[in-house]
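Secondary and tertiary structure notes
Listed below, chain by chain, are the residues.
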Amino acid sequence: MKKWVALIVCIMMLAGVSLAFGAAKPKEGAEEAKGEGPFTLAWVPKGLGHPYFISCYEGAKEAAKEFGDKIFEVGPDDWSVEGQITVIESVIDQKVDAIGIAANDMDALAPVCKKAMDAGIHVVAWDAAVNQSARVTFVNQASFEGIGRGLAAAMGEVTGYEGEIAVLSATPQAPNQRKWLAWVKKELEDPKYKNVTLVDVVYGDDMTEKSYDKALGLIKAYPDLKGIIGLSAVATPASCAAVTDKGLIGDIKVVGFGIPSTMKDYVLEGTCQKFLLWNTIDLGYVAATIMHQCCTGEFTGEVGETVKLGRPTLGEPDGVYEVTVGEDGDPYVLLGPPMEFDKSNIEKWAAIF
Amino acid sequence: MNNERYRGTLKNLIRRREFGIFIIIIVVMVLVGLRNPTFFTSDNWKDMLMYVSILAFISIGQMMTIVTGGIDLSVGSVVALSGMSVGIIMRDNPALPPLVLILLGTIFGLGCGIINGLLIGKGKVHPLITTLATMSIYRGLVVVVSRSRWVVYGDITKGFRLIARGNILGINNLMFVAIIIAGASYYFLNHTRKGREIFAYGDHQDAAKFVGINSTRINILVYALSGMLAGFGGVLWVSRVHTAQANTALGYEMQTIASCVIGGVSIFGGVGSVFGVLLGTLLFGIILNALELIGIVDFWKLSVQGFVILVAVIFDAVLSHRVAEQMRKQRRVFDAE
Amino acid sequence: MRSEKEKSRGPSLSDLLKSWEFTIFALLIAVFILNLILSPDLFRIANLFDATLTFTEKSILTLPMTLLIISGVIDISIASISAMSGVILGVCYKAGMAIGYAVVIGLAVGLAAGILNGLLITRLKIPSIVVTLAMMLFYRGVGYVLLGDTAVRDLPERFGLLGGAYSVTFIPIQFMIFIILAVIFGLVLHRTRFGRLIYIVGNNENTARYSGIPVDNIRLILCGVTGLIAGLSGVLLTSRIGSARPDIALGNEMAVITICLLGGVYIFGGKGSIIGVVIAALMIGYVRYGLSILNVQEQVIRIFTGGLLIIALLIPTIAARLKTPARYPEGGV
């Protein structure tokens with residue numbers, strides 16, 4: 001009996017202490033945009049570890065430094081939906097001013113992003129969007145159509161428009177993956193691809209090792225395979241590694257996205273003839289700038305609004321971006337056209353990122 | 001007296017068991033081959049054997065811990081930690097010769113294993129709990145060591161790539177290494193005093209103590225060996241897949257345990273053979289390969305793994321239950337205080 | 001020699017267990033104080049309860065696991081059962097079933113899985129650690145086979161309320177469920193005959209058998225209950241995330257076992273109390289929460305929980321070693 005009393009007293013003490021601490025510090029800022037910095041920005045990529053997102057963060061840090069904002073990166077180390085939701089919730093509790101998210105799943109992350117918006121935190125999506133209702137805007141690195149058609153066209157070109165090809169994607173639920181894949185397939189419906197067959201689409205979950213295993217699996221399962229399209233910066237080098245290990249350089253062509261530094265050897269060896277990317281540093285820079293401007297109240301995400309950047313980017317030499325309407329009717333900000341890399345420029349860019 | 005009788009039965013059991021696994025392997029191979037002849041290509045076998053080789057010698061390490069009545073759940077994490085550490089060192093020092101990197105990885109693994117051994121042998125914490133905890137700790141260290149940056153394709157040097165893909169005497173490096181380690185382990189476990197002590201200890205810990213076998217040293221030894229083999233395997237692993245991530249080899253310990261269980265290692269301790277483990281690993285590898293080739297969707301992999309372990313274990317239980325009962329009864333009588 | 005009845009009545013002043021619980025409680029207070037120092041504005045009452053959402057799903061599992069481990073059985077397939085239940089719930093809903101029925105099916109699946117485990121352990125006499133190791137892979141696999149890379153997304157909003165909403169002002173529904181279950185399990189373990197039997201079974205299986213106690217049936221029931229609660233955990237998790245997917249609850253089994261062990265449950269059975277486990281659950285929960293709002297990564301947080309486990313277990317074994325020569329039991333759990 002005495003023990004129970006002691007227990008209850010202890011719990012009340014704990015509660016009391018917490019309340020005391022809580023009451024002592026006034027609630028951090030109003031729910032609306034303060035209008036004045038410095039702001040705290042939370043950068044939430046799909047996951048941690050891969051050079052692609054590391055370089056995006058470099059761009060974001062650049063922007064934050066310009067404005068004197070504080071920025072930190074958090075993300076799920078298992079690249080999972082559940083993990084990302086947990087991260088966002090933790091960030092909401094920390095009462096940051098803005099969140100920049102590359103979503104692992106468009107709909108699954110929507111409720112928690114909405115919760116953030118309701119708490120007065122501005123949510124800006126980049127690289128992979130979250131549902132339109134749960135974000136201020138989305139910075140898209142390239143139009144889905146441009147990418148999808150571009151990749152399919154590149155594949156067609158290097159295989160001479162015939163043969164079996166396959167796609168190695170990241171996660172099946174990632175919004176950008178689905179859209180790109182849809183446009184690849186659309187492009188392949190064009191009559192000039194009538195001799196090209198898409199035999200399979202496999203998912204490597206953006207995990208380097210799993211993507212490699214999946215690529216090997218494709219090569220084994222389809223002995224007449226002529227090309228692999230890597231739909232992410234993880235998938236393409238993985239496919240190249242698989243092709244190299246099997247000694248099939250030249251027999252199986254690889255195109256896709258890749259970061260120059262990881263793709264350099266493969267391009268020079270001829271495993272990959274060309275690959276696309278956008279300037280990831282710019283992507284981070286633009287997204288973080290928009291995040292800042294949301295906090296100051298300058299940006300609200302309306303169609304037609306413009307964003308002025310601190311420096312020009314590859315996509316917009318005058319450094320001004322406009323919110324336009326995308327293919328699915330949702331407003332977004334387009335980074336610019338994708339860049340093509342091949343033997344001619346790989347060395348230069350591999351030194352940059 | 002009873003001891004000898006059931007020891008003999010146990011030995012017969014193992015022999016029957018290994019033969020049984022062998023038959024199953026043949027049967028599975030035939031079935032898979034019929035379904036997809038690609039199974040028999042040398043290309044396929046090369047890939048599969050590369051995978052199986054690493055699994056084999058790490059499973060041998062696992063076997064040693066299980067034989068003493070313990071278990072090592074931290075092997076997956078040790079593989080990851082050593083692999084990542086070595087990967088980063090390689091990335092920052094591309095001029096280092098691969099052999100140095102291999103040595104480093106092995107030492108890292110040895111360190112992890114010794115920590116396990118000390119906690120279990122000196123700290124007397126149960127192996128299950130210890131390795132459960134160190135599994136998390138080592139796995140967490142992978143992230144800390146890598147500062148959230150994976151080792152990816154651009155980082156791997158040519159020399160490092162060759163660790164897994166080169167050949168010695170015409171056989172792939174990994175297979176060569178596995179054979180050597182298997183041979184050395186066999187010799188160690190069956191023909192050296194320390195090796196026999198391991199079995200004796202696993203068989204009946206109290207009796208072993210009375211014969212002068214130092215339980216602390218035995219534990220430190222087996223877990224150190226297990227860690228060392230895992231560390232070594234980690235370097236080879238990263239070389240094979242050209243990458244090191246935070247979740248490299250996640251869940252790998254289950255595969256080593258499965259291989260041991262299939263190979264006739266008793267979860268109670270005291271029973272097991274290197275040859276059995278090799279066969280068990282091979283069978284496991286073949287099943288994984290078969291799943292790929294038959295076109296069974298990736299997602300069945302987990303269920304099948306679980307199912308296979310279950311079957312092996314039920315088989316084990318049904319066959320050796322009587323013997324285990326005897327073992328337990330023996331000990332009960334002995335322990336009466 | 002204290003009677004079994006006294007022992008299972010829960011700790012009393014002269015019991016070693018009690019000193020363990022006080023240690024754990026002191027650690028919990030330490031955790032609170034540390035968090036308050038490191039993140040003062042974040043450790044407020046409303047946030048504290050919010051934080052429980054991150055660990056309640058794991059914590060409810062510690063309750064039946066305590067009973068199970070005390071009885072001498074371990075089940076490491078619980079996380080996989082959670083995932084499987086969540087997936088089957090989603091699949092049923094997608095197939096047109098009303099969400100309420102889907103929830104019931106999810107729970108039933110958990111129960112069935114638990115019973116299956118129990119049968120394999122008790123009827124086939126296979127060590128529980130090995131069986132549940134196999135089933136862990138198997139059940140997780142079922143989830144992947146059913147849903148693969150996809151997820152069932154459009155679960156009804158009112159379902160989401162179960163896992164995410166609040167009942168009394170800021171106390172989440174989930175947490176209320178946890179408290180209620182804790183009370184129930186605590187009463188069963190410490191105040192009923194069944195609870196006393198659990199201790200006896202765990203303490204000395206053979207003696208229990210010879211005394212006519214239905215050891216196997218008791219374990220079977222506990223396995224079933226564990227499975228059921230695992231199913232509940234899966235349902236709650238699915239509700240909170242808002243979609244049914246096969247990759248939830250990864251690693252939960254380790255966290256649950258860690259909490260039980262930290263809570264004073266003896267891995268070989270026969271000792272443990274619900275109070276200790278509840279305190280340990282809160283402690284681990286707040287340690288993780290505190291670290292996560294400091295933006296420490298998930299995988300790194302596991303270093304701390306692993307370390308805590310080792311420290312927690314080194315203390316008593318060192319103490320025990322000073323008294324009697326330590327021994328290993330007969331191999332696996």
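Everything discussed here concerns the structure shown above.
In short, a report on the structure. (Residues numbered from 1 in each chain as written. Chains lettered and ligands numbered in written order. Predicted model: local features only at pLDDT ≥ 70, side-chain atom pairs only at ≥ 80, totals over all residues. Heavy atoms only, no water.)

1. Thoughts on the side chain of Thr132(C)
All names here are of chain C.
- Following the sequence through the fold, Thr132 ends up in helix α6 (residues 128–147).
- Residue Thr132 is classed as buried on the basis of its relative accessible area, which comes to 0%.
- Looking at Thr132, its side chain comes within polar contact range of the main-chain nitrogen of Ile76, at 3.2 Å.
- At a separation of 2.7 Å, a polar atom in the side chain of Thr132 contacts the main-chain carbonyl oxygen of Ser128. (Helix = DSSP H or I, 4+ residues; strand = E, 2+ residues; numbered from the N terminus. Buried < 20%, exposed > 50% of the residue type's maximum accessible area, 1.4 Å probe, protein only. Polar contact = N/O pair within 3.5 Å; in protein donor to acceptor, adjacent residues only side chain to side chain.)

2. Details of the interface of chain A and chain B
- Counting residues at the interface gives 27 residues for chain A and 25 residues for chain B.
- Area buried by chain A at its contact with chain B is led by Thr208(A), Glu209(A) and Lys220(A), which between them contribute 28% of it.
- Where chain A touches chain B, the interface holds 5 salt bridges.
- A salt bridge links Asp47(B) to Lys220(A); its shortest N-O distance comes to 3.8 Å.
- Our count for the chain A to chain B interface comes out at 14 residue pairs in polar contact (both at pLDDT 80 or more).
- Listed by contribution, the elements that provide at least two residues to the side of chain A that touches chain B are α2 (51–67), α7 (208–221), α8 (235–245) and α9 (260–269) of chain A.
- For the side of chain A that touches chain B, the leading source of residues is α7(A), giving 6 residues.
- A per-class count over the side of chain A that touches chain B returns 11 nonpolar, 6 polar and 10 charged. (Contact = heavy atoms within 4.5 Å. Buried area = accessible area lost by both parts, 1.4 Å probe. Salt bridge = Lys/Arg side-chain N within 4 Å of Asp/Glu carboxyl O. Nonpolar A, V, L, I, M, F, W, Y, C, P; charged D, E, K, R; others polar.)

3. Examining the state of the cysteines
Residue and element names in this part refer to chain A.
- Using the criterion set out here, one finds 0 disulfides over all chains in the structure.
- Cysteine Cys240 shares no disulfide, and the gap to the nearest cysteine sulfur, in Cys272, comes to 4.8 Å.
- When its relative accessible area of 0% is taken as the criterion, Cys240 is described as buried.
- Summary of cysteine pairing: Cys294 is not part of a disulfide, and the nearest cysteine sulfur, belonging to Cys295, is at 6.6 Å. (Disulfide = S-S within 2.5 Å.)

4. As for a nonpolar patch on the surface
- A surface patch of nonpolar side chains, amounting to about 480 Å² of accessible area, comprises Ile33(C), Leu34(C), Ile37(C), Leu38(C) and Leu294(C).
- Mapped onto the elements of the fold, Ile33(C) is located in helix α2 (residues 16–38). (Patch = residues over 30% accessible without salt bridge, like charges linked within 9 Å, V, L, I, M, F, W, Y side chains within 5 Å. Areas by Shrake-Rupley, 256 points an atom, 1.4 Å probe, with all protein chains shown as cover.)

5. Quick look at α7(A)
Residue and element names in this part refer to chain A.
- Taking 1.5 Å of rise per residue, 14 residues should cover 20 Å, and α7 covers 20 Å from first to last C-alpha, within 8% of that figure.
- Summarising burial for α7: 10 of the 14 residues are buried, a large majority.
- What α7 keeps buried is the set Thr208, Glu209, Ser211, Tyr212, Lys214, Ala215, Leu216, Leu218, Ile219 and Lys220. (Expected span 1.5 Å × (residues − 1).)

6. Overview of the sheet that holds strand β5 (residues 137–140) of chain A
Residue and element names in this part refer to chain A.
- Strand order across the open sheet formed by 8 strands is β2-β1-β3-β4-β5-β13-β12-β11, with mixed pairing between neighbours. Two strands in the sheet have a free side with no partner beyond their single neighbour: β2 (70–73) and β11 (306–308). Averaged over all adjacent pairs, the angle separating strand axes in this sheet is 25°, with direction ignored. (Pairing = 2+ DSSP bridges. Axes fitted to C-alpha atoms, helices over the stretch in contact; angles between N-to-C directions.)

7. Examining the pattern of salt bridges
- Per the counting criterion, the structure on display carries 27 salt bridges over all chains.
- A salt bridge links Glu58(A) to Lys61(A); the nearest nitrogen and oxygen atoms lie 3.6 Å apart. Placement of the pair is Glu58(A) and Lys61(A) together in helix α2, with a separation of 3 residues, close to one helical turn.
- On the basis of relative accessible area, Glu58(A) is assigned to the partly exposed category, the value being 38%.
- On the basis of relative accessible area, Lys61(A) is assigned to the partly exposed category, the value being 35%.
- Residue Asp205(A) pairs with Lys210(A) through a salt bridge whose shortest N-O separation is 2.9 Å.
- One salt-bridge network, in which partners are shared between bridges, spans Lys125(C), Glu205(C), Arg209(C), Asp216(C) and Arg219(C).

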